[in-house]
Amino acid sequence: MQLYSYFRSSAAFRVRIALNLKGLSYEYLGVHLLKDGGQQLAESYRALNPSALVPTLVDGDAVIGQSLAIMEYLDETHPQPALLPADPVGRARVRAIAQTIACDTHPLNNLRVLKYLKRDLQVSEEAKNDWYRHWVKLGLESVEAMLAHSSSTGRYCHGDTPTLADLCLVPQVYNARRFDCDLSALPTITRIDAACRELPAFDLAAPEKQPDAE
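Residues numbered from 1 in each chain as written. Predicted model: local features only at pLDDT ≥ 70, side-chain atom pairs only at ≥ 80, totals over all residues. Heavy atoms only, no water.

1. So, the domain arrangement of the protein
Alright, step 1. Looking at the protein, the domain boundaries give domain 1 (2–81 + 203–209) and domain 2 (88–199).
Alright, step 2. When each unit is reduced to the centre of its C-alpha atoms, the spacing between domain 1 and domain 2 is 19 Å.
Alright, step 3. Listed per partner, the contact involves 17 residues of domain 1 and 21 residues of domain 2.
Alright, step 4. Per-residue buried area on domain 1 facing domain 2 is highest for Ser 10, Arg 14 and Leu 68; these three make up 31% of the total on that side.
Alright, step 5. For the pair domain 1 and domain 2, the number of links is one salt bridge.
Alright, step 6. In this structure, Glu 72 and Arg 95 form a salt bridge, with 3.0 Å as the shortest nitrogen-oxygen distance.
Alright, step 7. Linking domain 1 with domain 2 are four residue pairs in polar contact (both at pLDDT 80 or more), by the criterion used here. (Domains from an automatic or database assignment. Contact = heavy atoms within 4.5 Å. Buried area = accessible area lost by both parts, 1.4 Å probe. Salt bridge = Lys/Arg side-chain N within 4 Å of Asp/Glu carboxyl O. Polar contact = N/O pair within 3.5 Å; in protein donor to acceptor, adjacent residues only side chain to side chain.)

Pasting the structure below:
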């Protein structure tokens with residue numbers, strides 16, 4: 001397998017955790033989102049992934065973009081350890097948490113959005129950071145409520161083994177800390193994040209431990 005990744009990409013971070021949890025070896029191919037005007041915009045990379053985003057997973061003839069699709073592909077092709085619960089209600093809950101982060105929260109704070117705010121809309125650095133913190137706060141508050149009010153929450157987001165939800169949560173919390181977001185009102189999230197980061201699969205996937213880290 002080959003993973004086209006950028007060390008600070010939350011989406012790529014999720015996939016790295018999934019690969020580590022499943023014990024799958026892969027070749028790390030760095031795509032720098034800032035150098036050379038953004039290496040993801042090069043024609044050669046666009047030919048691989050027309051959305052010009054990371055990550056992209058190549059597995060034989062399969063070329064897959066979108067982190068959630070990649071993680072579910074890995075779960076279907078390498079079922080153990082499972083990233084989704086066995087029961088339909090549990091799977092729906094885990095997907096709902098994951099998508100609240102990956103679909104509702106993270107896209108508003110993606111690098112290309114932040115660049116557009118600065119470059120095209122000419123907002124100040126302070127206003128850009130306020131934008132980031134506002135949407136992260138709303139998104140994580142929703143996740144906190146989903147976790148704190150459910151008996152299905154255990155050591156991790158769903159029970160006592162990591163799931164797709166945790167793989168999305170930890171990178172979002174990592175970036176929230178990077179931008180000095182206030183996490184004091186999110187005790188369930190911070191507890192689960194700490195439990196996840198004790199696991200080697202999460203620790204080894206951290207941005208600072210990647211080959212292209214700066």
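2. Quick look at the UniProt feature "domain: GST C-terminal" (unreviewed entry) in the protein
Alright, step 1. Per the UniProt record, "domain: GST C-terminal" (unreviewed entry) is annotated on residues 87–214.
Alright, step 2. Helix and strand shares over residues 87–214 are 63% and 0% respectively, and the end C-alpha atoms of the span are 42 Å apart. (UniProt positions renumbered as here; feature names shortened; annotations may be inferred. Helix = DSSP H or I, 4+ residues; strand = E, 2+ residues; numbered from the N terminus.)

3. A short note on the nonpolar core
Alright, step 1. Within the largest apolar cluster, 48 residues are counted, with the highest numbers of intra-cluster contacts made by Met 71, Leu 140, Leu 169 and Ile 189.
Alright, step 2. Secondary structure elements with two or more residues in this core: α1 (10–21), α3 (67–77), α4 (88–105), α5 (111–119), α6 (125–148), α7 (164–178) and α8 (187–197).
Alright, step 3. Looking at which element gives the most residues to this core, the answer is α7, with eight residues.
Alright, step 4. Of the residues that make up this core, three or more belong to each of domain 1 (2–81 + 203–209) and domain 2 (88–199).
Alright, step 5. Sequence-distant contacts of Leu 140, defined by excluding residues within four places in its chain, comprise Leu 169, Gln 172, Ala 176, Leu 183, Leu 186 and Ile 189. (Core = buried A, V, L, I, M, F, W, Y, C linked by side-chain atoms within 4.5 Å. Buried < 20%, exposed > 50% of the residue type's maximum accessible area, 1.4 Å probe, protein only.)

4. Concerning the pattern of salt bridges
Alright, step 1. In this structure the tally under the stated criterion is 12 salt bridges.
Alright, step 2. For the salt bridge of Glu 214 with Lys 35, the shortest nitrogen-to-oxygen distance reads 3.7 Å. Of this pair, Glu 214 sits in the segment after α9 (200–203) while Lys 35 sits in the loop between β2 (27–30) and α2 (43–48), placing them 179 residues apart in sequence.
Alright, step 3. For Glu 214, a relative accessible area of 58% gives the class exposed.
Alright, step 4. The class for Lys 35 is partly exposed, based on a relative accessible area of 45%.
Alright, step 5. The salt bridge partner of Asp 120 is Arg 119, with a shortest N-O separation of 2.8 Å.
Alright, step 6. Assessed through its relative accessible area of 41%, Asp 120 is described here as partly exposed.
Alright, step 7. Residues joined in a network through salt bridges with shared partners are Lys 118, Glu 125 and Lys 128.

5. Brief notes about the packing of α4 against α6
Alright, step 1. Interaxial distance between α4 and α6 falls to 10 Å at its minimum, and their mutual angle equals 175°. Relative to α6, the element α4 is oriented roughly antiparallel. Contact with α4, carried on its side by Arg 93, Ala 96, Ile 97, Thr 100, Ile 101 and Thr 105, involves Trp 135, Val 136, Gly 139, Ser 142, Val 143, Met 146 and Leu 147 of α6 and no other residues of that element.
Alright, step 2. Considering only residue class, the contact of α4 with α6 consists of eight nonpolar, four polar and one charged. (Axes fitted to C-alpha atoms, helices over the stretch in contact; angles between N-to-C directions. Parallel < 35°, antiparallel > 145°, perpendicular 65-115°, else oblique. Nonpolar A, V, L, I, M, F, W, Y, C, P; charged D, E, K, R; others polar.)

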